[in-house]
Structures are given as C-alpha cells and as structure tokens.
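# Architecture at a glance
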Amino acid sequence: MDVLDRRLVSALQVNPRAAWGEIARAVGEHERTVARRLQRLIADGAVRVTAIYDDLRSGHGRPVHLHVQVRPGTAADVAEALAGRPDTRSVYSLTGVADIGCELVSPSREALHDILTAQVAAIDGVQQTRTQVVLHTFRTVAEWHAPYLDEREIAELRPAPHDGSPEGAAPPDEEGLSPLEQEIADLLVADGRIAFTAIAERLGISLPTARRRAASLLERRLLLPRAEVEPALLGLEAEAQLWLKVRPQGLDRVGRTLSAHPHVRYCAATAGTHSLIVQVAVAHEAALYRFLTGVVGLYDEVTDIDVTLITRAHKRGHLRKSGLRTLERTP
C-alpha cells in the first residue's frame, strides 16, 4: 500500500460504514479515487469489512486468551486446528515461552471447562496451555485505526452517537439481542457495509425498521463494525502482545490510558498470571523498545511485563488469513 492507500484504510477503520463521499471529504481526495482504491483493496482481500460482537455485553460468550505450548514440529498443525474452530476469534504464532496465542470465545462458563480440558488438550501436538479470562475490555481491535489521520479528519469521520445516553455514561454489563436483532447482526458480521435496503429485503422487514434496529445495535455497541487489515500492510511490521502485572489499585487507570495510545490495538483486563493484555503494532522493533520504555515504563503500578512478538496471524476477528490476505469468516 502507498501513503494514500494507508490513509484511506485508516479512514475506513474509523468508520467502516462510511460512504465513499464521506471519506473523500474527510481526507481531501476525489470520491472516485477513494471508491476505486478501497474497492480494489477489498476485492483483493487486503481489507475486509465485517463486525464483531461485544461478547460479554451481548451475551454471546466469555472471551479467554490461551498461551499454547506445542511439541516441536507441530506448531503449524496446531495453529491450523485452532483456527478451524468456530469459537476462536484470533490465532497467532508467537515468540517466547508459548508457541501459539489464541483468543477463544466460550458460549458459557460450563462449556469453557470442557473446551480447555478435553477439546484443546486433545489436539495433537498440544503440550501445555495457560488461560487468561477476560474481565473487562478497554479497547477492541474494532476501535483501533492506523495512525495516519489528524484529529480533524478523525472527528469528521467518527459517527455521532444518537442513542440519547449521557456522554461518558457506562453501558450495561450485559444486554442481550432480540431474535430480529440477531438476524440483523448476522448480516452485518458477514458484510459490515451491507446497506439498510439489503437488510430489509433479506429479512422481509420495512426499510425504517431495518435502519432503526441496525443503528441501535451499533449505537449500543453490542456490535462493532471493523475494517480488518494486516498491520504489516499499513507499515506497522512489529506486532507484539504485552502481558502486564499491574497493582489492583492502578489497573483501571493503566488500562484506560494505554488503550488510548494510537499504537495500542487491543487492551483488556484478565484473570490469571497477568492482569492486563496489550496488543501493540508499531513500525519496527526500535519503536517497540521506545513504547516499552517511554510509555509502559512510566507506570509505577506495572510490576512485571512479558513481551511476545506475533510472527504470523492465522486468524483475526473470526476471519482466516492467508499470508497478508484476509479470507472468509469461519462458519
């Protein structure tokens, strides 16, 4: 991707459902140029627009992060087996003690026990796993965008809230979907840019109903539109998972502050050996060093850090990967 491609993808990440004309006005380019470039990137599989659930709030499941150690020579097969599971959201090859990192969404607390002790353990090559249960998500990957836009451009692209909630109000801990909302969500997950008219036609409902119910899902943040692209295509070739031990009294402050950093793609509080997971994408290892020393190192509340580099993504946001290309969603 050239500089303009990266700016346009960043704009699409800020607002995955924005019209080409809206993106063109925000970044100061011609609408035909924006449409041609982004449609090409989507057609090539470099970018795919989808949507992900806020699993805890929507009641779809409970996310956990697994660190998997495997028998020598089996890493590729184990990663493929994990990526083929419909309940895994992301699968990475890693450096460090663990060979594979995996985010898995369990439908219930009861199912999690069987998944960990029987199903994952039964995969040929798996020797040991370490589990971190997500307690609170500060930033999802759907809320991150590459740092190529200025504040004015971001503000012009960002959708304005219309749900009437007071600014800064905390959302409910759990809020389920109605049957119709679930059908609409399924269509948005399959195609994050699907038009309201298409939703109405597919489900046999009126256009105002489709527009209102879909907008409600997005505004209540039960479903988050996402423009998925490999960070390396955006010039961010060093991607790392940081596992932090944080004193309890500082966990919320550290999580909130780090999640606002432009190079933090994901940040969540977890239960396990570490209390915070932070996923970072930067241009190179020297930039990662500066992030560790100049950003994370400033917090007295952080008592320990384990840094693992992502060497390959096999799956992100339920989407399979083929090198730097994004394939279809796992059924």
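Note: the structure precedes this text.
Residues numbered from 1 in each chain as written. Predicted model: local features only at pLDDT ≥ 70, side-chain atom pairs only at ≥ 80, totals over all residues. Heavy atoms only, no water.

## Here we look at the nonpolar core
Ranked by internal contacts, the top residues of the largest apolar core, which has 30 residues, are L12, I23, L38 and V47. Elements with a minimum of two residues in this core: α1 (3-14), α2 (20-27), α3 (31-44) and α7 (151-157). For I23, the residues in contact, after removing those within four places along its chain, are L8, A11, L12, A18, V34, L38 and L157. (Core = buried A, V, L, I, M, F, W, Y, C linked by side-chain atoms within 4.5 Å. Buried < 20%, exposed > 50% of the residue type's maximum accessible area, 1.4 Å probe, protein only. Helix = DSSP H or I, 4+ residues; strand = E, 2+ residues; numbered from the N terminus. Contact = heavy atoms within 4.5 Å.)

## Points about the pairing of strand β11 (residues 319-322)
As defined by bridge partners, strand β10 (residues 302-316) adjoins β11 across two bridges and the pair is classed as antiparallel. Counted as the bridge partner of K315 is R320 from β11. The antiparallel pairing of β10 with β11 creates a hairpin that spans two residues between the two strands, and G317 there sits at a positive phi of about 55°. (Pairing = 2+ DSSP bridges.)

## Considerations on the packing of aromatic side chains
For the structure shown, the criterion picks out zero aromatic pairs. Here the basic side chain of R17 rests over the ring of F196, its NZ or CZ set 4.9 Å away from the ring centre. Lying over the aromatic face of W144, R265 brings its terminal NZ or CZ to 5.0 Å of the ring centre. (Phe/Tyr/Trp six-rings, centres within 6.5 Å; stacked < 30°, edge-to-face > 60°. Lys NZ or Arg CZ within 6 Å of the ring centre and 35° of its normal.)

## Concerning unusual backbone geometry
Here the phi dihedral of R221 falls at roughly 60°; this positive angle occurs in a residue that is not glycine. With respect to the element layout, R221 can be found in the loop between α10 (207-219) and β6 (223-228). On the accessibility criterion, R221 (37% relative accessible area) is partly exposed. In the Ramachandran plot, H318 falls in the positive-phi region, its phi being about 70° despite a non-glycine side chain.

## A word on the pairing of strand β5 (residues 126-139)
Summarising the sheet, strand β2 (residues 62-70) and β5 pair through seven bridges and their orientation is antiparallel. If you follow L66 over to β5, its bridge partner there is T131. Two strands pair when backbone bridges link them, and β5 and strand β8 (residues 264-271) are joined in this way by five bridges, in the antiparallel orientation. Each bridged residue has a counterpart across the sheet, and for R139 the counterpart in β8 is C267.

## Observations regarding the packing of helix α8 (residues 179-190) against helix α9 (residues 196-203)
Where α8 meets α9, the axes come as close as 11 Å, and the angle between the chain directions of the two elements is 125°. Between α8 and α9, the angle falls in the class oblique. The hand of the α8/α9 crossing is right-handed. Between α8 and α9, the residues in contact are L180, E183, I184, L187 and L188 and I199, R202 and L203, respectively. Partitioning the contact of α8 with α9 into residue classes produces six nonpolar, no polar and two charged. (Axes fitted to C-alpha atoms, helices over the stretch in contact; angles between N-to-C directions. Parallel < 35°, antiparallel > 145°, perpendicular 65-115°, else oblique. Left-handed = near helix turned anticlockwise from the far one by under 90°. Nonpolar A, V, L, I, M, F, W, Y, C, P; charged D, E, K, R; others polar.)

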